[in-house]
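Survey of secondary and tertiary structure
Given next are the chains, with one letter for each unit.
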Amino acid sequence: MGKQINIIRSTAVPVNIENVDTDQIIPARFLKATSREGFGKNLFRDWRFENDDEAKPKKGFPLNDPTYKGKILVAAKNFGCGSSREHAAWAIKDYGFDVVVSSFFADIFKNNALNNFLLPVTVSEPFLQKMLVAIEKEPASEFEVNLPEQYIKIQSTGDKEVFDINNYKKTCLLNGYDDIDYLLSIKEEIATYEKIV
């Protein structure tokens, strides 16, 4: 079973860059492993370090700034475009994020995220800008992501917006189910149905 997601209240890390593709999220040279663990250290690798040297973190990149922390990654429009590598979702989740917010996600990335217990929350562009402004004004700003009621709220202002999610994926995230866990959870209903037909 994966990690359940219900209500998350957390500060956020802003990566206000549009059109972030999966090769920027996790460069291709780190795709050799097949286990999901260990990818977090290479999240945004080329943006975080000079000449691929962990001893030389780039100043100004949010993941290198201790001012920003939390379980929510706030990204700009068109996040997760490019190749379909599932490792991008693995890297974000392994780094410690449970939620990624954007005004638009590439479909394949969105599905990979949901399959790996990373909640992609699509908001309107105006609401996204409100979130980024709140973080810029006060890096310790908190946000609430409420999966049962499907809304995201800026705690300091009370502004909130409803988001959509597939009902099946919502059930899986709330219960920590992967596809097999879900089938096992309804095995009695399946058995009953088989007796009827």
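Refer to the structure printed above.
Residues numbered from 1 in each chain as written. Predicted model: local features only at pLDDT ≥ 70, side-chain atom pairs only at ≥ 80, totals over all residues. Heavy atoms only, no water.

Quick notes on the sheet that holds strand S2 (residues 12–15)
The 4 strands lie next to each other as S2-S3-S4-S5, forming an open sheet whose pairing is parallel. Pairing within the sheet leaves two strands with one partner each, and these edge strands are S2 and strand S5 (119–122). The sheet shows a mean angle of 20° between the axes of neighbouring strands, direction not considered. Sheet strands in contact with helix H5 (residues 125–137) are S2, strand S3 (72–75) and strand S4 (99–102), and its direction is about 115° off that of S3. (Pairing = 2+ DSSP bridges. Helix = DSSP H or I, 4+ residues; strand = E, 2+ residues; numbered from the N terminus. Axes fitted to C-alpha atoms, helices over the stretch in contact; angles between N-to-C directions. Contact = heavy atoms within 4.5 Å.)

Structural notes on the packing of helix H3 (residues 87–95) against helix H4 (residues 107–115)
Where H3 contacts H4, the axes come no closer than 8 Å and their chain directions differ by 50°. Our classification of the angle between H3 and H4 gives oblique. Relative to H4, H3 is oriented so that their crossing is right-handed. Along its contact with H3, which presents Ala88, Ala89 and Ile92, the element H4 presents Phe109, Asn112 and Ala113. Considering only residue class, the contact of H3 with H4 consists of 5 nonpolar, 1 polar and no charged. (Parallel < 35°, antiparallel > 145°, perpendicular 65-115°, else oblique. Left-handed = near helix turned anticlockwise from the far one by under 90°. Nonpolar A, V, L, I, M, F, W, Y, C, P; charged D, E, K, R; others polar.)

Brief notes about the pairing of S4
Here S4 shows a buried face lined by Val99 and Val101 and a second buried face lined by Val100 and Ser102. The parallel pair S3 and S4, bridged by H3, forms a crossover whose chirality is right-handed. In terms of strand pairing, S4 meets S5 through 4 bridges, oriented parallel. Following the sheet pairing, Val99 is matched in S5 by Leu119. For the segment spanning S4, H4 and S5, crossover handedness is right-handed. (Buried < 20%, exposed > 50% of the residue type's maximum accessible area, 1.4 Å probe, protein only. Right-handed = clockwise from strand over helix to strand, strands pointing away.)

Concerning the packing of aromatic side chains
The tally for this structure, following the rule as stated, stands at 8 aromatic pairs. When the centroid spacing of 5.7 Å and the interplanar angle of 65° are considered together, the rings of Phe44 and Phe61 count as edge-to-face. Residue Phe44 is located in the loop between helix H1 (22–25) and helix H2 (45–48), and its partner Phe61 is located in the loop between H2 and S3; the two are separated by 17 residues in the primary sequence. Geometrically, the ring pair formed by Tyr95 and Phe97 is stacked, given 5.5 Å between the ring centres and 20° between the ring planes. Judged by relative accessible area, Tyr95 falls into the partly exposed class, the value being 32%. What links up through ring pairs into an aromatic cluster is the set Phe44, Trp47 and Phe61. In this arrangement the basic side chain of Lys160 is found over the ring face of Tyr151, its NZ or CZ atom lying 4.2 Å from the centre. (Phe/Tyr/Trp six-rings, centres within 6.5 Å; stacked < 30°, edge-to-face > 60°. Lys NZ or Arg CZ within 6 Å of the ring centre and 35° of its normal.)

Geometry only, nothing functional implied.
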